[in-house]
Amino acid sequence: MKKRRSSSGVAGGGDRRFEKVLEEIMEGEVDDDGGRLKMKPRWKGKGSEAKASADPMSKIVSQLYSSLIRSVARGLLLSRNVLIEADAEVSYLFNRARFGRSRITSQEEKQWFQLDMEEAFYLCFSLECLKGIGKDGSIKSNKELWEYSKSEKPAFPISYKAYSHLRHKNWVVRSGLQYGVDFIAYRHLPALIHSEYAVLALSKGDNELNGRLRVWSDVHCTVRLCGSVAKTLLVLFVDSNSQGTSSPSCLEHYTVEEETITRWNPEQSREDQTSLRNQTK
Amino acid sequence: MGSDDWGSCSDNEDYLQDRNEDDDEEDCYSSGFLSKLQFRKDISKARWVDDLAMAEVVEKKGKMWVTMGIVRNGNTYCSIEETLFLIEIGALHVLDGNDIHLSLKELYEKLSNGKSGCYWELFEVYKHLRSLGYVVGRHGIPWSVKGQQIKSGTCSLEGSQESNEMLEMEPKDENSVIELFNNMQITDVSPAFNVYLPNSKFRKSSPGDPSFVLYISRCSPPSRVEIEALERKHGAIPFKFCHVENGHVSFFSFAKTELPVLP
């Protein structure tokens, strides 16, 4: 991949920034032998970077938080989902923050949103702006919600830690089932090439419960599938550090290590000698 | 929400390329390809030394010797995988101790007896990368050592590769040697090769750091714990894993990363 020389003598701060961004994009394109991926953002079009800074995910989530507090939001626990009745403002913010899926009903004034367990627990426990209602009609405490989630999904502590780890960093995290993984993580605004991740949440130690990629054919399969949908396989290793799973406060002491698994193609990389030498460690 | 469209993925190219890869492998054995290689005018000669499980080069022809074979005291020696590769492409004739020509069959047999520190997958990987122009050498075995005769067991995999390196170097104090041996037990996997990019500037006398160290996995993919140990061990030098099955060689990188905190 040849680097384009940036044009010189262009006046104006905005154009220079665009050139810089363009250079970053060009550099970014020669990153991938799979060794160490560069994490520079690759923005589509002029002004997108500025637009994203003006509209950060953290701010949107903060707005969602306020809105849910204001509306005294309650969610109904139904198997592995939490169902919430949302007014116009809450609906809008759920969509913007990419939480839940809206359910189409004939009701016009209110929309119903369906949250995954991880999404619901994040709003209830991490952000404390939602409360869950059990089948008996009572409000569930965080501990009760935790036990409930574990009973529905034994690997919940692992998957939740992974989910919240990424959400805390303001990444959008959605279900990855269609891609054969646990989650899809991507940056907010706008859609970027090669900056999306297909995420697997695994325990660091040997855990029968949630084991994936235990044999090579699984690695081949998952990496190939991720590649064919332009996503990088990201494994989040969750270490419970022997804290157990008795209460959600255990999560605080869990640690997460991130690892990408990528396929290296020797036919492609040998031409790009400079990039392999210059790759960041 | 997210890009679900399959049509726009550049990685589809990657997938298609893999399919072409399979076709290429078949072509490798077509007569056209072989005819280019088989009838070389310049065929080097080497003598197989059973004690070393290596071939001592007797007559060098061609430029490939810049990146092939290890040098000890002015002599060049080829590992079994290098020897087999060169014979397969018709660039080397090998004789035994009595100056009788050794056939390819006999050399495959030598590979199978295990004394040369090589096994079939190691050879397949070696051949795959060499054919693409990469410079490949056994990890832990120096390319060139002056003033020292070659040691028996240089290529043996009985110890770890590091033990060979230790034997070749200046004697260190006892503690560091013990530490080195202790550290070798950390992982079950031992590194197979140092791989360098196709590079006409490669010199055995100063090869520099490899582009990456290659591990060959035969059983399961490495765990996070194993990867961590390797990250500590190799530091700034990248490492990769390769998996060989049914003649297919695939390479994977397991790289620690940290997604940035977004605004």
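Residues numbered from 1 in each chain as written. Chains lettered and ligands numbered in written order. Predicted model: local features only at pLDDT ≥ 70, side-chain atom pairs only at ≥ 80, totals over all residues. Heavy atoms only, no water.

A. Examining the overall build of chain B more closely. Of the regular secondary structure elements, chain B holds eight helices and 11 strands. By residue count, 47% of the 263 residues in chain B fall in the buried class. Considering only residue pairs separated by 6 or more positions, chain B has 59% of its internal contacts joining residues 24 or more positions apart. In the form shown here, chain B has an accessible surface area of approximately 13,700 Å², with 49% of it arising from carbon and sulfur atoms. (Helix = DSSP H or I, 4+ residues; strand = E, 2+ residues; numbered from the N terminus. Buried < 20%, exposed > 50% of the residue type's maximum accessible area, 1.4 Å probe, protein only. Contact = heavy atoms within 4.5 Å. Areas by Shrake-Rupley, 256 points an atom, 1.4 Å probe, with all protein chains shown as cover.)

B. Spatial organisation of the sheet that holds strand β2 (residues 81-86) of chain A. Residue and element names in this part refer to chain A. An order of β3-β4-β2-β1-β5-β6 is seen for the six strands of this open sheet, with the pairing classed as mixed. One side of each edge strand has no neighbouring strand; the edge strands of this open sheet are β3 (101-103) and β6 (139-140). Relative to β6, strand β5 (residues 131-133) is paired through two bridges, and the arrangement is antiparallel. The partner of I133 across the bridge, within β6, is I139. (Pairing = 2+ DSSP bridges.)

C. Seen up close, the state of the cysteines. Applying the stated criterion across every chain yields a total of zero disulfides over all chains. Left without a disulfide partner, C226 of chain A is nearest to the cysteine sulfur of C221 of chain A, which lies 9.1 Å away. (Disulfide = S-S within 2.5 Å.)

D. Molecular detail of the sheet that holds strand β4 (residues 75-78) of chain B. Residues and elements named next belong to chain B. With respect to topology, six strands assemble into an open sheet ordered β5-β1-β2-β4-β3-β7, the strand pairing being mixed. Each having just a single partner strand, β5 (92-95) and β7 (144-145) make up the two edges of the open sheet. Bridge count for strand β3 (residues 70-72) against β4 is three bridges, and the pairing is antiparallel. In the sheet register, R72 faces β4, and the bridge partner there is N75.

E. Highlighting the UniProt feature "domain: tRNA intron endonuclease N-terminal" (unreviewed entry) in chain A. In the numbering adopted here, UniProt assigns the feature "domain: tRNA intron endonuclease N-terminal" (unreviewed entry) to residues 74-146 of chain A. Strand forms 34% of residues 74-146 of chain A and helix 34%; the C-alpha atoms that close the span are 16 Å apart. (UniProt positions renumbered as here; feature names shortened; annotations may be inferred.)

F. Quick look at the domain arrangement of chain B. Residue and element names in this part refer to chain B. By domain assignment, chain B separates into domain 1 (40-118) and domain 2 (119-144 + 181-262). Relative placement of domain 1 and domain 2: their C-alpha centres are 24 Å apart. Taken together, the contact between domain 1 and domain 2 spans 21 residues of the former and 18 residues of the latter. Surface buried jointly by domain 1 and domain 2 totals about 1,600 Å² across both partners, of which 58% is contributed by carbon and sulfur atoms. Across the contact surface, domain 1 and domain 2 share two salt bridges. Here E88 ties to K127 by a salt bridge, and the two come within 2.8 Å at their closest N and O atoms. The interface formed by domain 1 and domain 2 holds nine residue pairs in polar contact (both at pLDDT 80 or more) in total. For the side of domain 1 that touches domain 2, the elements supplying multiple residues, two or more each, are β3, α3 (80-88) and α4 (104-112). Element by element, the count of residues in the side of domain 1 that touches domain 2 is highest for α3, at six residues. Of the residues assigned to the side of domain 1 that touches domain 2, the class counts are 11 nonpolar, six polar and four charged. (Domains from an automatic or database assignment. Buried area = accessible area lost by both parts, 1.4 Å probe. Salt bridge = Lys/Arg side-chain N within 4 Å of Asp/Glu carboxyl O. Polar contact = N/O pair within 3.5 Å; in protein donor to acceptor, adjacent residues only side chain to side chain. Nonpolar A, V, L, I, M, F, W, Y, C, P; charged D, E, K, R; others polar.)

G. Just the pairing of strand β4 (residues 111-116) of chain A, in detail. All names here are of chain A. For β2 and β4, the ladder comprises six bridges, and the chain directions are antiparallel. Following the sheet pairing, V82 is matched in β4 by L115. For β3 and β4, the ladder comprises three bridges, and the chain directions are antiparallel. Within β4, the position partnered with S102 by the bridge is F113.

H. View of the packing of helix α5 (residues 117-126) of chain A against helix α6 (residues 142-152) of chain A. All names here are of chain A. The geometry of α5 relative to α6 is characterised by a closest axis approach of 11 Å and an angle of 170° between their N-to-C directions. With respect to α6, the element α5 is oriented roughly antiparallel. Across from M117, F121, C124 and F125 in α5, the residues of α6 making contact are N142, L145, W146, Y148 and S149. A per-class count over the contact of α5 with α6 returns seven nonpolar, two polar and no charged. (Axes fitted to C-alpha atoms, helices over the stretch in contact; angles between N-to-C directions. Parallel < 35°, antiparallel > 145°, perpendicular 65-115°, else oblique.)

I. Local environment of unusual backbone geometry. Residue and element names in this part refer to chain A. The phi angle at S79 is positive, at roughly 50°, despite the residue not being glycine. By the element assignment, S79 lies in the loop between β1 (74-78) and β2. With phi around 55°, L213 is a residue other than glycine that occupies positive phi space. Checked against the element boundaries, L213 lands in the loop between β9 (197-203) and α8 (216-228).

J. Here's a closer look at the packing of aromatic side chains. This structure, assessed with the given rule, holds 27 aromatic pairs over all chains. With centroids separated by 5.8 Å and ring planes inclined at 65°, the aromatic side chains of W171 of chain A and Y197 of chain A adopt a geometry described as edge-to-face. Of this pair, W171 of chain A sits in the loop between α7 (156-168) and β7 (172-175) while Y197 of chain A sits in strand β9; the two residues are 26 residues apart in sequence, bridging distant segments of the chain. For the pair W171 of chain A and Y197 of chain A, a shared accessibility class is recorded, and that class is buried. Counting every residue linked through ring pairs, the aromatic cluster contains W216 of chain A together with Y215, F239, F241, F252 and F254 of chain B. One Lys or Arg, K231 of chain A, reaches over the ring of Y179 of chain A and ends 5.0 Å from the middle of that ring. (Phe/Tyr/Trp six-rings, centres within 6.5 Å; stacked < 30°, edge-to-face > 60°. Lys NZ or Arg CZ within 6 Å of the ring centre and 35° of its normal.)

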